[in-house]
Amino acid sequence: MNAAQTAPAAVLNLRPVHAGDAPAMQAFVQGLDPAARRQRFHGAVNACAPGLLRHLTQADGQRHVAFVACSAGGAGGDAAQTIVGEARYFVTGGGRAEFAITVADGQRGSGLADALLTTLLQAAQAGGLQALYGDVLNGNERMAGFMRRHGFAPDASADAEPGVTRWQHAVGRQAPRAQPARPAPASQRWARLRAWLGGRSAPAAVL
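Residues numbered from 1 in each chain as written. Predicted model: local features only at pLDDT ≥ 70, side-chain atom pairs only at ≥ 80, totals over all residues. Heavy atoms only, no water.

Undergrad: Tell me about the overall build of the chain, and please be specific about residues and values.
TA: When you go through the chain residue by residue, the secondary structure sums to 7 helices and 7 strands. Reading the chain from its N end, one meets helices and strands in the order β-α-α-α-β-β-β-α-β-α-β-β-α-α. A burial count over the chain gives 45% of its 207 residues as buried. Sequence-distant contacts in the chain: of pairs separated by 6 or more residues, those separated by 24 or more amount to 73%. With the model as given, the accessible surface of the chain reaches about 9,900 Å², and the carbon-plus-sulfur share is 53%. (Helix = DSSP H or I, 4+ residues; strand = E, 2+ residues; numbered from the N terminus. Buried < 20%, exposed > 50% of the residue type's maximum accessible area, 1.4 Å probe, protein only. Contact = heavy atoms within 4.5 Å. Areas by Shrake-Rupley, 256 points an atom, 1.4 Å probe, with all protein chains shown as cover.)

Laid out in structure tokens, this is it:
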């Protein structure tokens, strides 16, 4: 992971990722400096292999929830936009999910990472999760400071890989429904997430 510190706001478009973002996501990953790519993927990644690109752009909105921040404008709609940040989580079981976040090199200090993480935490709470966690390479002090500012704390009990520290944040579960409901189809859940995002555009769309 890598992140940024808070700075003056700028208007961008923050929305759920979709498969059509593949070219823009490829350009985004390739545009990161080598250190940022290593911090994000915990290894040397020069370009998105097809499998990684599918992984980054195809999210079901339930177990894998992902958002992209795009530059405003462009005559071709979403396909013409430039991705300048992305954040996602993957449900790993037990009410917990692993998250990742990164922003373009030119967006460091813009407050974009703060807005992305705020949106991700709100989505996790809306999805009934109890905690988000993420592994940070030791020595990535910028990310460690970012985690602390957003209420994450090191999890000394975690079985993390060597050379990383696991940070965790208690999200809090929403009040249970009076009657248990059958899960909605994935397409409906994703539509609800899109609607939820649109209804909470204040912290998400003004970065």
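We are not done yet, so read on.
Undergrad: I'd like to hear about the side chain of Asp 21, residue by residue, with values.
TA: Its location among the elements puts Asp 21 in the loop between strand E1 (13-16) and helix H1 (22-31). Of the residues examined, Asp 21 reaches a relative accessible area of 1% and is grouped as buried. A distance of 2.7 Å separates a polar atom in the side chain of Asp 21 from a polar atom in the side chain of Arg 15. (Polar contact = N/O pair within 3.5 Å; in protein donor to acceptor, adjacent residues only side chain to side chain.)

Undergrad: Can you lay out the pattern of salt bridges for me, pointing to particular residues and giving the numbers?
TA: Taken as a whole, this structure holds 4 salt bridges when the rule is applied. The partner of Arg 15 in a salt bridge is Asp 21, and the shortest N-O contact between them spans 2.7 Å. This pair shows no difference in class: Arg 15 is buried, exactly as Asp 21 is. Asp 135 is paired through a salt bridge with Arg 166; the nearest N and O atoms lie 2.7 Å apart. Placement of Asp 135 in strand E5 (residues 131-137) and of Arg 166 in strand E7 (residues 164-170) is noted, with a sequence separation of 31 residues between them. Given a relative accessible area of 6%, Asp 135 falls into the buried group. (Salt bridge = Lys/Arg side-chain N within 4 Å of Asp/Glu carboxyl O.)

Undergrad: Report on helix H3 (residues 50-57), specifying residues and quantitative values.
TA: Note on helix geometry: an α-helix contains 3.6 residues per turn, so any two residues three or four positions apart are oriented the same way. Along H3, the residues that are buried comprise Leu 53, Leu 56 and Thr 57. Summarising the axial view, the buried residues of H3 lie within an arc of 85°, below the 170-degree limit, and thus occupy one face. (Arc of directions from axis to C-beta.)

Undergrad: Go over the packing of H1 against H3, please, and point to the residues and values.
TA: Where H1 meets H3, the closest approach of the two axes is 10 Å, and the angle between their N-to-C directions is 110°. As summarised for this structure, H1 and H3 are arranged roughly perpendicular, according to the angle between their axes. Along the contact surface, H1 presents Ala 22, Met 25, Gln 26 and Val 29, while H3 presents Leu 53, Leu 56 and Thr 57. Counted by class, the contact of H1 with H3 contains 5 nonpolar, 2 polar and no charged residues. (Axes fitted to C-alpha atoms, helices over the stretch in contact; angles between N-to-C directions. Parallel < 35°, antiparallel > 145°, perpendicular 65-115°, else oblique. Nonpolar A, V, L, I, M, F, W, Y, C, P; charged D, E, K, R; others polar.)

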